[in-house]
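Structural description and commentary
Here's the letter readout for the chains.
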Amino acid sequence: MPRFLTLIRIDEKNAPAEGPSPELMERMGKLLEEITKAGVMLDTAGLTPTSDGSRVTWEGGQLSVTDGPFTESKEVIGGYSISQCKDKAEAIEWTKRFLSLHEDYWTITAEVRQIAED
């Protein structure tokens, strides 16, 4: 069965400073338990803010490292999941269920991509 990487993109400037609400965390926990029991979820995690990150760039034969925050970024990767689904449609359905758990004030985009296998 194919594996899929889902990147959760958030607008870090408009996300709640305190992070997800306790109610959202509870809803996410229940869904993640369901996805795991279904044998779909392989790995998932949220990420720390961009202020804790660094970017390593290769350009013109030179390496550079830039520490966050990255003010030019509108959307940042806030989390990810790796799932094993029968097809992309199933991966998208699980992703839609995850996104719909969030309160209306969240702005989230999820990118679902199949992982290339040898």
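In case you missed it, the structure is sitting above this.
The rules behind the values
- Residues numbered from 1 in each chain as written.
- Predicted model: local features only at pLDDT ≥ 70, side-chain atom pairs only at ≥ 80, totals over all residues.
- Heavy atoms only, no water.
- Pairing = 2+ DSSP bridges.
- Helix = DSSP H or I, 4+ residues; strand = E, 2+ residues; numbered from the N terminus.
- Expected span 1.5 Å × (residues − 1).
- Contact = heavy atoms within 4.5 Å.
- Buried < 20%, exposed > 50% of the residue type's maximum accessible area, 1.4 Å probe, protein only.
- Patch = residues over 30% accessible without salt bridge, like charges linked within 9 Å, V, L, I, M, F, W, Y side chains within 5 Å.
- Areas by Shrake-Rupley, 256 points an atom, 1.4 Å probe, with all protein chains shown as cover.
- Salt bridge = Lys/Arg side-chain N within 4 Å of Asp/Glu carboxyl O.
- Axes fitted to C-alpha atoms, helices over the stretch in contact; angles between N-to-C directions.
- Polar contact = N/O pair within 3.5 Å; in protein donor to acceptor, adjacent residues only side chain to side chain.

A closer look at the pairing of strand S1 (residues 3-10)
Sheet analysis places S1 next to strand S5 (residues 76-84), joined by eight bridges and oriented antiparallel. In the sheet register, Leu5 faces S5, and the bridge partner there is Ile82. Here seven bridges tie S1 to strand S6 (residues 108-114), and the two strands are oriented antiparallel to one another. The residue of S6 that forms the bridge with Arg9 is Thr109.

Some words on helix H1 (residues 22-37)
Between its terminal C-alpha atoms H1 stretches 23 Å, which fits the 22 Å expected from 16 residues at 1.5 Å a residue. Contacts from the buried residues of H1 go to strand S2 (41-46) and helix H2 (88-99). Backbone geometry just after H1 places Gly39 at a positive phi near 80 degrees.

Brief notes about the pairing of strand S3 (residues 54-59)
When you tally the buried positions in S3, you get zero out of six residues, a small fraction of the element. Between the antiparallel neighbours S3 and strand S4 (residues 62-67) lie two residues, among them Gly60 with a positive phi of about 60 degrees.

Some details on a nonpolar patch on the surface
There is a patch of nonpolar side chains on the surface, built from Val56, Trp58, Leu63 and Val65 and spanning about 500 Å² of accessible area. Secondary structure elements with two or more residues in the nonpolar patch: S3 and S4.

Observations concerning the sheet that holds S6
The four strands are arranged S2-S5-S1-S6 in an open sheet whose pairing can be described as antiparallel. Where the open sheet ends on each side, the last strands, each with one partner, are S2 and S6. Put simply, the sheet's adjacent strands are angled 15 degrees from each other on average, direction ignored.

Quick word on H2
When the terminal C-alpha atoms of H2 are compared, their 16 Å separation across twelve residues agrees well with the 16 Å that a helix rising 1.5 Å per residue should span. Put simply, Asp87 is the residue that caps the front of H2, since its side-chain oxygen is 3.3 Å from the backbone nitrogen of Ala89.

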